[in-house]
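Each chain, letter by letter, is given below.
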Amino acid sequence: MRGRQTVRDMVLSMLVVGFVVWIGYLFLPHDANGDPVHEVAYKVETSTARRAAPYPVLSPEGLSDKWRATSVSYKPADQNNGRGNAWHLGFVTPSGQYAAVEQSDVPRDSLLAAYVTGAKPDGTAEVAGRAWERVQGEKARALTVQTGPGTTLLTGTASYEELAELAQALK
C-alpha cells in the first residue's frame with residue numbers, strides 16, 4: 001500500500017508545482033509581442049564619455065524611433081586591457097540589422113581588425129561633408145573616418161545606406 005501513496009503524493013506535488021508555475025507566468029511581466037530587443041538609453045553615458053575621452057565622442061541625434069539603441073559603454077584605456085579609450089553605441093536598425101558606433105584612440109587598422117574580420121577597402125562615401133572610407137568584411141561592413149586623435153568606425157551587418165544614415169546623425 002505504501003507504493004500507491006508515494007505515486008499519489010508525487011502526482012499531487014507535480015500538480016501543485018505546475019499550478020504555481022502557471023500563476024507565476026500570468027503575473028510576472030513578459031513581452032507580449034515577442035520582441036527580444038532590450039533597448040537602452042544613452043544620453044547620460046554619452047555626456048560622461050564626452051568628459052572623459054581624449055577625442056570628440058560622437059553620438060547620433062535625430063534618428064527615427066525605428067533605430068533602437070541596444071548597448072552603450074565607454075572604457076578608459078586603463079580599464080580596457082591596453083586597447084585604448086573605447087566608446088561603443090550599438091543599434092538595431094529599421095531593417096532589423098545591427099549597426100554600431102565604435103570610437104577609439106588606437107590606430108585605425110587595429111580598430112578595423114577588432115570589428116571587421118577580413119576588412120577590404122570598398123571605396124568612399126561622402127556623408128555630412130566628410131569623406132568616409134567604405135570597408136567590406138566577411139560578415140560586416142564599415143564606414144570609417146579619422147576624428148581628431150581618434151578613429152570613428154560605423155560597423156555592423158547594416159547596409160552602407162543605413163550606416164550613412166547613422167553617420168549623418170552623428171554630432
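Definitions and limits used
- Residues numbered from 1 in each chain as written.
- Predicted model: local features only at pLDDT ≥ 70, side-chain atom pairs only at ≥ 80, totals over all residues.
- Heavy atoms only, no water.
- Salt bridge = Lys/Arg side-chain N within 4 Å of Asp/Glu carboxyl O.
- Buried < 20%, exposed > 50% of the residue type's maximum accessible area, 1.4 Å probe, protein only.
- Helix = DSSP H or I, 4+ residues; strand = E, 2+ residues; numbered from the N terminus.
- Contact = heavy atoms within 4.5 Å.
- UniProt positions renumbered as here; feature names shortened; annotations may be inferred.
- Patch = residues over 30% accessible without salt bridge, like charges linked within 9 Å, V, L, I, M, F, W, Y side chains within 5 Å.
- Areas by Shrake-Rupley, 256 points an atom, 1.4 Å probe, with all protein chains shown as cover.
- Pairing = 2+ DSSP bridges.
- Axes fitted to C-alpha atoms, helices over the stretch in contact; angles between N-to-C directions.
- Polar contact = N/O pair within 3.5 Å; in protein donor to acceptor, adjacent residues only side chain to side chain.

Visitor: Explain the pattern of salt bridges to me, please; I cannot follow it from the model alone.
Guide: Side chains that differ in charge, positive against negative, can pair when their charged atoms come close. Summed over the entire model, instances satisfying the criterion amount to four salt bridges. Close ionic contact of Arg108 with Asp109 constitutes a salt bridge, the shortest N to O distance being 3.0 Å. Since its relative accessible area comes to 23%, Arg108 is described here as partly exposed. Across the pair Arg108 and Glu133 runs a salt bridge whose closest N-O atoms are separated by 3.0 Å. With Arg108 in helix α3 (residues 108-115) and Glu133 in strand β5 (residues 130-136), this residue pair connects regions lying 25 residues apart in the sequence. Among the charged side chains, a network of salt bridges with common partners joins Arg108, Asp109 and Glu133.

Visitor: Would you explain helix α4 (residues 160-169) in this entry?
Guide: Think of an α-helix as 3.6 residues a turn; residues three or four steps apart then line up on the same face. Taken together, the buried positions of α4 are Tyr160, Glu162, Leu163, Leu166, Ala167 and Ala169. Those residues of α4 that are buried lie in contact with β2 (86-92), β3 (98-104), β4 (120-127), β5, β6 (141-147) and β7 (150-156).

Visitor: What is the right way to look at the UniProt feature "transmembrane region" (unreviewed entry) in the protein in this model?
Guide: Residues annotated in UniProt with the feature "transmembrane region" (unreviewed entry) correspond here to residues 12-28. A helix fraction of 94% and a strand fraction of 0% characterise residues 12-28, whose end C-alpha atoms lie 24 Å from each other.

Visitor: Help me understand unusual backbone geometry, please; the structure alone is not making it clear to me.
Guide: A positive phi angle, near 55°, is found at Ala128, a position not held by glycine. For Ala128, the location among the structural elements is in the loop between β4 and β5. A residue is classified by how much of its surface remains accessible, and Ala128, at 54% relative accessible area, is exposed.

Visitor: It is not clear to me how a nonpolar patch on the surface should be interpreted in this structure. Could you clarify?
Guide: Taken together, Val16, Phe19, Val20, Trp22, Tyr25, Leu26 and Phe27 make up a surface patch of nonpolar side chains, about 830 Å² in accessible area. Position of Phe27 relative to the elements: it lies in helix α1 (residues 2-27).

Visitor: Just checking my understanding: could you explain the sheet that holds β6 for this structure?
Guide: Sheets are built from strands that pair by backbone hydrogen bonding, the pairs being arranged parallel or antiparallel. If you walk across this open sheet you meet the seven strands as β1-β2-β3-β7-β6-β5-β4, and the pairing is antiparallel. Taken across any chain shown, the strands that pair with only one partner, and hence form the sheet edges, are β1 (68-75) and β4. Pairwise comparison of adjacent strand axes, ignoring direction, gives a mean angle of 20° for this sheet. One ladder, built from four bridges, connects β5 with β6; its direction is antiparallel.

Visitor: What is the right way to read the environment of Glu133 from this model?
Guide: The class of Glu133 is partly exposed, set by a relative accessible area of 37%. Taking C-alpha positions, Glu133 is 22 Å from Gly84, a pair spaced 49 residues apart along the chain. Discounting chain neighbours no more than four positions away, the residues touching Glu133 are Arg108, Gly123, Thr124, Ala142, Leu143 and Thr144. Within the structure, the side chain of Glu133 is placed 3.0 Å from the side chain of Arg108, a separation counted as a polar contact.

Visitor: Is there a simple way to explain the pairing of β3 in this structure?
Guide: Here β3 lies mainly inside the structure; six of its seven residues are buried. Alignment of β2 against β3, held across seven bridges, turns out to be antiparallel. Note on β3: the bridge partner recorded for Leu89 is Val101. Connecting β2 to the next strand, β3, in antiparallel fashion are five residues, including Gly96 with a positive phi near 90°. By the bridge criterion, six bridges tie β3 to β7 in an arrangement that is antiparallel. Paired with Ser104 across the bridge in β7 is Thr151.

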